[in-house]
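Structural overview
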Amino acid sequence: MPRITMREAISQALWEEMERDPSVFILGEEVGVWGGSYAVTKGFYDHFGPERVKDTPIAEAAIIGAAIGAALTGLRPIAEIMTINFAFSAFDHIVNEAAKFHYMFAGQMMVPMVIRTVSGGGRQLAATHSQTPDAIFAHFPGLKVVAPGTPEDAKGLLKSAIRSDDPVLFIESATLYQVRGEVPEGENLIPIGKSKIQRPGKDVTIVTYSKMLDTSIKAADLLAQQGIEAEVVDLRTLRPLDMGPVLESFKKTNRAVVVEEGWRSYGVGAEVVARIYEEAFDYVDAPIQRVAQKEVPLPYNRTMEQLALPQVEDILKAVREVL
Amino acid sequence: MAEIVNMPKLGFDMAEGTLLRWVIHEGDQVSKGDVLAEIETDKATVEVESTYEGVLLRQLVSQGTVVPINDPIAVIGQPGEEVTLGANVASEGALKKPIATEQAIDAAGGYIPSPEPVLEIQVLPVLAEAPHASPLARSMATEMGIDLRLVRGTGPGGRVTKKDIELYITNALVPEAAKSPSQTPIAGVAPVKTFIRETRIIPLPKLRAAIGRRMADSTQQVPHFYVTHEYDVRALTDRRKEINLLLEEDDKLSVNDFIVRAAALTLLEFPNLNASIDLIANTLIYHGEINIGVAIAVENGLLTAVNHNTDQKTIYQISSELKKLVLRARDGKVRPEDIEGSTFTVSNLGMFDVDQFTAIINPPEAAILAIGSAKQVPVVVNGEIRIGNRMKATLSVDHRISDGAEGARFLQALAKFIEEPLRLLISF
């Protein structure tokens, strides 16, 4: 199996879907002539032309509004929002229109659109450009929220997202674009809403997703050297949330650490931990720990930024707490 | 307006009940008399019937929860009705808990305002002094019947965790001999075992615990004395045969039916043995009703099923009522009135080929009659040995209420009904 980068995997998914379905098109800032802020759509403009790879003004509300309109008429737009921080400018359109239309108009219309965006910090972009507000978007029924952590999942899930008749927020991590992984060639659709055990173990369950999957696997490798076998469960989709593999793993290990890049309060970890307590209370052998970003606007200073973001060390410490 | 259903008090000593199973689901229609839920008390599984009509708006406790009596368990009202628990429960609680007010007198004699009633179903801890334990350790301990107080917790703050339970089990399973390194096996002894039956530890069933408590109380607190009498039961045996020839298979009378009625009629003459003592009020209570309890063996123990006003019923009535009681008791579906209010108990082991036995008094009753088997035995009649039909009965009596002579006279008086059973048919 070829080992390709996350960037290539996402690019392949877009390319293959655009080749397969002429109703798929891309719009966003710098996606065309420039080839994308993260070079994901490099070459697309020349191949598919300006009709299907549309550069837009720096106006997120307009991008999403246009995408919703296009989706309502039967197209399958892929709107790129450069970072999720800018999605707040389009928040109303995302949560009040894209997520609601199908429900509020009795199923008369669907909004089959994908919003690709980049979440997370760690690149010294300072507080307003480094947030991880994934949980906020996952709060809204009607909007699917997908956040893969491996190239294989990114490709398979993005293809499923493009084919989904529901609006999907597809969250990528800029720090993962260079990460390589094995990706099967050809058609390999991965269903939205399925968690996955990415690393088997028996002593403790680490639940995570997106960039923190990479961090958690590194922590699990270090734990293995100490004889602790951590099982890493990757949520992959935040809504709909699949607790099945999490609960199955937890019932085996009875101990869990939930790792997320965003803030702890009202976060993904809060949801996962609550669900474990609700659905597997009799299997709890130690209070479940959450590893998350420090509760501060993310600092610009590199050292301070790294201190505020969850690190491998934080996961090791949390695992020691629960064991 | 929505009505609150409370945990009913199904027995004079019932403090709490376990909600075993909801029969009516939230949103379902409820009529008066419908069975809402099944509740396990110390004595039995009892069905709780609705006294309200409407829709079950809310189940307030989940299955398996232990609920103190009079605490709310459900809300019944009209479809779509707003459930305002706070207001409803507060007013109900204020009316229904006078005892709390009485207790709220402080040392100086002043009243402490009783706290606001709170809608909180307290799950009583199984073990009062159990250490902190993880939910997993708790569920493991419950499943394996382990007393958590015996397990040493090594988790944070002494918390008992899965590891501690596993260690406890391992230690419990290693025989003492195996722990001592100096032991050497004795040579030349042929192995005798082909298999070892498993030692099982189970949590004490509620009924077993209740029987244990009551019987221990009775033997410790009630000074028993015993009087035994032998009855000629030839006539009873013959009359029973004659009567049963006239009855359908399901309706046939048992020897016990005769004895229950005989005891009831005899008690009319012996109010002391149909009485209770109240040590707190320093009074003797002579019961107006003669309610004969009959000990019934059920799974995990026995129940005293009650036939009310037995002195006023025919044998046939008594017999058919007792048959239904036995069925309900064995199905675990007794109603509160089936097991409450007995004033005198008959315990019959006659069907097990028992010569005689002594029974423990079922408090707060004054006496209990233990019946042995009716047997053919050699008897001396007019200086000759003949074959007689005899049955022994032993009366256990509370010496605080009655004395030996009275016990003996009771057994003598009982003889006229047992030995001349036609009296049972004519006396009212």
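Residues numbered from 1 in each chain as written. Chains lettered and ligands numbered in written order. Predicted model: local features only at pLDDT ≥ 70, side-chain atom pairs only at ≥ 80, totals over all residues.

**Topic: the overall build of chain B**
Check the secondary structure of chain B and you find 12 helices and 16 strands. Counting over 428 residues, chain B shows a buried share of 30%. When contacts within chain B are restricted to residue pairs at least 6 apart in sequence, those whose partners lie at least 24 apart make up 62%. (Helix = DSSP H or I, 4+ residues; strand = E, 2+ residues; numbered from the N terminus. Buried ≥ 20, exposed ≤ 12 C-beta atoms within 10 Å, placed from the backbone. Contact = placed C-beta atoms within 7 Å.)

**Structural notes on the environment of I190(A)**
All names here are of chain A. Secondary-structure assignment places I190 in the loop between strand 8 (180–182) and strand 9 (196–199). Between the C-alpha atom of I190 and that of D153, which follows or precedes it by 37 residues, the distance is 6.8 Å. Apart from the residues within four sequence positions on either side, I190 is in contact with D153, G156, L157 and S160.

**What about the interface of chain A and chain B?**
Residue-level contacts link seven residues of chain A with eight residues of chain B. When grouped by side-chain class, the residues that make up the side of chain A that touches chain B number four nonpolar, one polar and two charged. (Nonpolar A, V, L, I, M, F, W, Y, C, P; charged D, E, K, R; others polar.)

**What about the sheet that holds strand 9 (residues 224–232) of chain B?**
Residues and elements named next belong to chain B. Overall, mixed pairing links the six strands, which are arranged 9-16-15-14-12-13 in an open sheet. Each of the sheet's edge strands pairs with one partner strand only, and the pair in question is strand 9 and strand 13 (301–307). On average, adjacent strands in this sheet sit at an angle of 30° to one another, irrespective of strand direction. For strand 14 (residues 344–348) and strand 15 (residues 367–381), the ladder comprises four bridges, and the chain directions are parallel. (Pairing = 2+ DSSP bridges. Axes fitted to C-alpha atoms, helices over the stretch in contact; angles between N-to-C directions.)

**Quick word on the sheet that holds strand 6 (residues 54–59) of chain B**
All names here are of chain B. Across the sheet, which stays open at both edges, the four strands sit in the order 1-8-6-3 with antiparallel pairing between neighbours. Looking at the sheet topology across the chains shown, the edges are occupied by strand 1 (3–6) and strand 3 (29–30). Inspection of the sheet shows strand 1 paired to strand 8 (residues 72–77) by four bridges, in the antiparallel sense. When the bridges of strand 8 are listed, I4 appears paired with V75.

**With respect to the packing of helix 1 (residues 6–20) of chain A against helix 7 (residues 151–163) of chain A**
Residues and elements named next belong to chain A. Contact pair helix 1 / helix 7: the axes reach a minimum separation of 8 Å and the direction vectors enclose 25°. Taken together, helix 1 and helix 7 sit at an angle that is classed as roughly parallel. Crossing angle aside, the handedness with which helix 1 passes helix 7 is right-handed. Here helix 1 contributes M6, A9, I10, Q12, A13, E16 and E17 to the contact with helix 7, which in turn contributes P151, A154, K155, L158, K159 and I162. In terms of residue class, the contact of helix 1 with helix 7 is made up of eight nonpolar, one polar and four charged. (Parallel < 35°, antiparallel > 145°, perpendicular 65-115°, else oblique. Left-handed = near helix turned anticlockwise from the far one by under 90°.)

**So, the pairing of strand 2 (residues 16–22) of chain B**
All names here are of chain B. In this sheet, strand 7 (residues 66–68) lies alongside strand 2 in antiparallel orientation, the contact comprising three bridges. Along strand 7, the bridge assignment pairs T18 with V66. In the sheet, strand 2 pairs with strand 4 (residues 35–40) via four bridges, with the strands oriented antiparallel. Bridge pairing links T18 to E40 in strand 4.

**A look at unusual backbone geometry**
For the bond running from R239(A) to P240(A), omega is -5°, close enough to zero to count as cis. Inspection of the secondary structure assignment puts P240(A) in the loop between strand 12 (237–239) and helix 9 (244–253). In this structure, the amide linkage connecting P363(B) to the following residue, P364(B), adopts the cis form with an omega of 5°. Examined against the element boundaries, P364(B) turns out to sit in the loop between strand 14 and strand 15. A positive phi angle, close to 70°, is found at A126(A), a residue other than glycine. Relative to the helices and strands, A126(A) is located in the loop between strand 5 (114–119) and helix 6 (134–138).

**Describing helix 4 (residues 162–173) of chain B**
What sets the pattern is the α-helix's 3.6 residues per turn: residues three or four places apart point alike. All names here are of chain B. In a regular helix each residue adds 1.5 Å, so 12 residues correspond to 16 Å; helix 4 covers 17 Å between its end C-alpha atoms and thus fits that length. Taken residue by residue, helix 4 has K162, D164, I165 and Y168 as its buried positions. Projected onto a plane normal to the axis of helix 4, the buried residues spread over an arc of 165° and lie on a single side. Away from the buried face of helix 4 by more than 90 degrees, exposed residues E166, T170, N171 and L173 are located. (Expected span 1.5 Å × (residues − 1). Arc of directions from axis to C-beta.)

**Here's the deal with the packing of helix 3 (residues 60–72) of chain A against helix 4 (residues 91–98) of chain A**
When two helices pack together, their arrangement is given by the angle between the helix axes and by the axis-to-axis distance. Residues and elements named next belong to chain A. Direction vectors running N to C along helix 3 and helix 4 enclose 25°, while the axes themselves pass 8 Å from each other. Considering their axes alone, helix 3 and helix 4 lie roughly parallel with respect to each other. Within the contact between the two elements, helix 3 uses A61, I64, G65 and I68 and helix 4 uses H93, I94, E97 and A98. By residue class, the composition of the contact of helix 3 with helix 4 is five nonpolar, two polar and one charged.

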